[in-house]
Amino acid sequence: MGFADQRFNVNLSILFTELPLLERPAAAAAAGFTAVELWWPWIDSPTPEQSALDALKAAVEDAGVRLTGLNFYAGRLPGPDRGALSIPGEESDRFRANIDVAAGFAGSLGCTALNALYGNRVDGVDPAEQDRLALENLALAARAADRIGAVLLVEALNEPESPRYPLVSAPAAVGVVDKVNEATGLGNAKFLMDLYHLSMNGEDLPRVIDAYAAKTGHVQIADDPGRGAPGTGSLPLEDLLDRLTKAGYDGWVGLEYKPGDVPSAQSFSWLPAGARAAR
C-alpha cells in the first residue's frame, strides 16, 4: 500500500502552468505521467472555436497521455468564480451552452469524468432559487455525461477560500449528488472528494472516507496547510489514500496542488518515477 499503489493524474490547470496550455500534456508525459485532467481551459468562452478544441485534443494525443477528467465551464477559474450553473441569467446560459461542447470534447478523448462546480451565492437572489436552477442544470449535465459513458462530479470546496460557495462539506455535496441521481434516474452523479478542501473545512477525513467512498467518483489531493505537494504540510495523505483503497475506491487520484517556488517538474520528488505511470 502507499503512493505507489495509486493511479495518479496531473491537473494541468494548476501544475505546469509556467508553460503554454498546449505544451503541458507533453511536459506531464516527460515527468513520467500517463494521465491528466483539466479545469475548463477557456475561461472567457464556454464555446471556443473548433480549432482551439482540435489543437488541445492533438496536444493530448501527441503527448501519449489520457485525459481522465475535465471541468465544465465554471466562470473565471482561477479567479473569483466557483462555477456558473447556479447563477441565474447569463452565467447559467453560458453553462448550458457549454454542456454539449465539454461533453463532446471529453468523449473525443475517452474522458469519463466531468466536474460541474456549483457556483457562488448571489446577493439579492433567493438561495432556494439558485438551488432549483442548479438541479436543473446538473440534471442536463448528468444526461450529457451519460451519453459519453461518463460520471458527473459534484465537488465540495473549502469555506475559508470560497466563503460564498454553498457546498463546503462532504455531506452538502453528497446531498446534491443524491438529488441529481433522483432527478435523472441515471445514477451517474458522484462525489468529488478533494482531501485538501475537506481538511481546510476541519472535517474528519477518515470518517468522510468511510461514509462516502462508495459514492465517490474522483479524488484530488494537495497537502494542508499551503495546498502544496504531499509532504509540504501535515496531512497524512498516504494513509488517507490507503484508507480509500481499503474502503473500495479504485479510481483516479488527481494531483491538484501548487508546485511552490520550483518548476512543476521538480515538485514530484515525493512520488517515485516508476509510480507515476497509470497501471
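To start, this report covers the structure provided alongside it.

**A few points about the overall build of the protein**
Line of reasoning, step 1. When you go through the protein residue by residue, the secondary structure sums to 8 helices and 8 strands.
Line of reasoning, step 2. For the protein, whose C-alpha radius of gyration is 17 Å, the value lies close to the compact-globule estimate of 19 Å for 279 residues.
Line of reasoning, step 3. Counting only C-alpha atoms, the protein reaches 50 × 45 × 35 Å along its principal axes.
Line of reasoning, step 4. Across the 279 residues in the protein, those meeting the buried criterion constitute 54%.
Line of reasoning, step 5. Long-range contacts, defined as pairs at least 24 residues apart, comprise 76% of the intrachain contacts of the protein with a sequence gap of at least 6.
Line of reasoning, step 6. Surface exposure of the protein reaches about 11,200 Å², of which carbon and sulfur atoms provide 51%.
Line of reasoning, step 7. Here the protein contributes 23 positively and 37 negatively charged side chains, and the mean placements of these two sets differ by 3 Å.

**Looking at helix H5 (residues 170-184)**
Line of reasoning, step 1. Helix length check: H5, at 15 residues, gives a terminal C-alpha distance of 21 Å against a target of 21 Å (1.5 Å per residue), a fit within 8%.
Line of reasoning, step 2. Those residues of H5 that sit buried are Ala 170, Ala 173, Val 174, Val 176, Val 177, Val 180, Asn 181 and Thr 184. Around the axis of H5, the buried residues are gathered within 155° of arc, so they sit on the same side. Looking at H5, the residues exposed on the side facing more than 90 degrees away from the buried face are Lys 179 and Glu 182.
Line of reasoning, step 3. Of the surrounding elements, those touching the buried residues of H5 are helix H4 (127-147), strand E5 (151-155), strand E6 (189-194), helix H6 (195-200) and helix H7 (205-212).
Line of reasoning, step 4. The distance from a side-chain oxygen at the start of H5 to the backbone nitrogen of Ala 172 is 3.1 Å, and the residue carrying that oxygen is Ser 169.
Line of reasoning, step 5. Just beyond H5, the residue with positive phi is Gly 185, at close to 70°.

**Considering the pattern of salt bridges**
Line of reasoning, step 1. Tallying each qualifying case throughout the model produces 11 salt bridges.
Line of reasoning, step 2. With a closest N to O distance of 2.6 Å, Asp 123 and Arg 164 form a salt bridge. Separated by 41 residues along the polypeptide, Asp 123 in the loop between strand E4 (113-115) and H4 and Arg 164 in the loop between E5 and H5 bring together distant segments of the chain.
Line of reasoning, step 3. We note a salt bridge from Arg 243 to Asp 210, for which the minimum N-O separation is 2.7 Å. One end of the pair, Arg 243, is in helix H8 (residues 237-246); the other, Asp 210, is in helix H7, and 33 residues separate them in sequence.
Line of reasoning, step 4. Take Asp 210: its relative accessible area is 48%, and that puts it in the partly exposed class.

About the thresholds
- Residues numbered from 1 in each chain as written.
- Predicted model: local features only at pLDDT ≥ 70, side-chain atom pairs only at ≥ 80, totals over all residues.
- Heavy atoms only, no water.
- Helix = DSSP H or I, 4+ residues; strand = E, 2+ residues; numbered from the N terminus.
- Rg over C-alpha atoms; globule rule 2.2 N^0.38 Å.
- Buried < 20%, exposed > 50% of the residue type's maximum accessible area, 1.4 Å probe, protein only.
- Contact = heavy atoms within 4.5 Å.
- Areas by Shrake-Rupley, 256 points an atom, 1.4 Å probe, with all protein chains shown as cover.
- Lys, Arg positive; Asp, Glu negative; His and termini not counted.
- Charge placed at Lys NZ, Arg CZ, Asp CG, Glu CD.
- Expected span 1.5 Å × (residues − 1).
- Arc of directions from axis to C-beta.
- Polar contact = N/O pair within 3.5 Å; in protein donor to acceptor, adjacent residues only side chain to side chain.
- Salt bridge = Lys/Arg side-chain N within 4 Å of Asp/Glu carboxyl O.

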